[in-house]
Amino acid sequence: MSLFVFGLNHHTSPLALREALMVPPPELSGALRAFHGRVAAAGDPHPGVALLQTCNRFEWYIRAQLPPARAREEVLAWMAARGGSSLVPSLDTALYEYAQEDAVRHVFRVAASLDSLVVGETEILGQVQAAYEQAREAGVIDRVLGMLFQRAIRIGKEVREKTPIGNGKVSIASIAVDLAETVLRDIAGKTAMVIGSGAMSEAALARLMERGIGQVIVLNRTFERARELAERFRGEAGPLDVLRNHLHRADIIISSTGAPEPILGVEAFRDAMARRRGNPILLIDIAVPRDVDPAVGALENVFYYDIDSLESQARISQQQRARAIAAAEQLVEEAVKGFGSWRRGLSAEPVVIALTRHFESARERELCRMRAKLDALPPEQRELVEQVAARVVNSLLHRPLEALKSAAAQGDATELFSAVERLFGLPTREDTSPSDGKTDVPC
């Protein structure tokens, strides 16, 4: 069985291409099931799939018995259906792919924030966790892919605990506020408008308050959430439908909603700039899809930045944490090896199950032969005999089972498995189904 990752990120594709593929939360479960069905129809009736989509990446994870070319074909077909066939030429050149160990390494690096626009940022770990939960709830993730995500989450936490990779300015929100200070020179006393109330918006508000922003306006589709956030940061709250009425008041606008299309266009900013009498506005759109029409950036005194525009700032931050990155990469490599050993160890399961059943059946047969004598004993003595029999079987099995698992984890143990099957007269691995913990010895 193969593991694949097919995706686009800020390194390989423009924001517009990623925007075209984004799946809104209400549609996510259906999209996961539809893609799972597509992969199953391609030749593997029991695949596993998951989708990780963030402001900087869009990635399909697949565990299936398919050739790489066929898996890529299915991903491109889904993307073409989602974003339109006109995207296919761009997708074909921007789409990257990883298989097997490289796929494992990629997801671990992603969770450790080593592949993020801002290396060391904290949001990605929650996004990986969400991708796992969404796939699990949709019923499309299998055992191997599920374990891959669980271990990715674990290594992401470990990197943050054991390295200083998260020190300093390590989030999109903090870099956005740094950019505001660079462009406006001093944000003390300025008015900031934050559109949206998610984690990005909350982080941006925290950074703005640290830098001495004068006034905060929080606008959100759900007014109660806007009011809750505004109260925490001593700001003013409003519903999203009053946005144009307040646009002229903002010196800094940071927008991060989940809207499927732009909520602000050129006319809205042209009106706002007229009311501001030319005073500049810094606009940072960190939403994917974008909240603001990029054409707004052509207006005089409107300084427009989107998520891709922050990359140069992120690069400086990354250079400052070079040593932490090296330590994190080493932890990732150790985790990749560990996952490889676990995955190889799965090959031992059929013979482990068969050997365990063989010994358990022998124990049950002997107890059955002695049933009349055991029934004559007091209950506590009968129970003691049964416990001793179980302990003897467990003791005899311990070393062989550990040896089988260890051999499988280290590499190809086919010859050892075959020898054990012949020695004990076990069914072949192909005929062995998962154990339910019961034996079939009548008494």
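Since this is a predicted model, take the numbers as computed values, not measurements.

**Q** Got a sec to walk through the nonpolar core? Specific residues and values, please.
**A** Counting residues in each nonpolar core, the largest one holds 106 residues, and the members touching the most others are Phe58, Trp60, Tyr61, Met79, Phe108, Phe149 and Phe339. Dropping the residues within four chain positions of it, tryptophan 60 is found in contact with Phe4, Val5, Phe6, Ala31, Leu32, Phe35, Ala50, Leu51, Val75, Trp78 and Met79. In this structure, Met193, Leu247, Val266 and Val296 belong to the second largest nonpolar core, which totals 22 residues.

**Q** Can you tell me about the sheet that holds strand E3 (residues 57-64), naming the residues and giving the values?
**A** One key point about sheets: their strands pair by backbone hydrogen bonds, in either a parallel or an antiparallel sense. In spatial order, the strands read E2-E3-E1-E4; together these four strands make up an open sheet with antiparallel pairing. Strands at the two margins of the open sheet, each flanked by one partner only, are strand E2 (48-53) and strand E4 (96-99). Going from strand to strand, the sheet's axes swing by 15° on average, the running direction of each strand aside. Relative to E3, strand E1 (residues 2-9) is paired through eight bridges, and the arrangement is antiparallel. Residue pairing in the sheet places leucine 8 in a bridge with phenylalanine 58 of E3. Sheet strands in contact with helix H6 (residues 123-138) are E2 and E3, and its direction is about 145° off that of E2.

**Q** How would you explain the pattern of salt bridges if you had to name every residue and give the values?
**A** With the rule as written, the count across this model stands at 32 salt bridges. Arginine 82 is the salt-bridge partner of glutamate 27, the closest N and O atoms lying 3.1 Å from each other. Linking glutamate 27 in helix H2 (residues 25-41) with arginine 82 in helix H3 (residues 68-83), this pair joins segments that are 55 residues apart in sequence. A salt bridge links arginine 225 to glutamate 228; its shortest N-O distance comes to 3.1 Å. Taken together, the positions of arginine 225 and glutamate 228, both in helix H10 (residues 223-232) and three residues apart, correspond to about one turn of that helix. The exposure class of arginine 225 is partly exposed, given its relative accessible area of 22%.

Conventions and cut-offs
- Residues numbered from 1 in each chain as written.
- Predicted model: local features only at pLDDT ≥ 70, side-chain atom pairs only at ≥ 80, totals over all residues.
- Heavy atoms only, no water.
- Core = buried A, V, L, I, M, F, W, Y, C linked by side-chain atoms within 4.5 Å.
- Buried < 20%, exposed > 50% of the residue type's maximum accessible area, 1.4 Å probe, protein only.
- Contact = heavy atoms within 4.5 Å.
- Pairing = 2+ DSSP bridges.
- Helix = DSSP H or I, 4+ residues; strand = E, 2+ residues; numbered from the N terminus.
- Axes fitted to C-alpha atoms, helices over the stretch in contact; angles between N-to-C directions.
- Salt bridge = Lys/Arg side-chain N within 4 Å of Asp/Glu carboxyl O.

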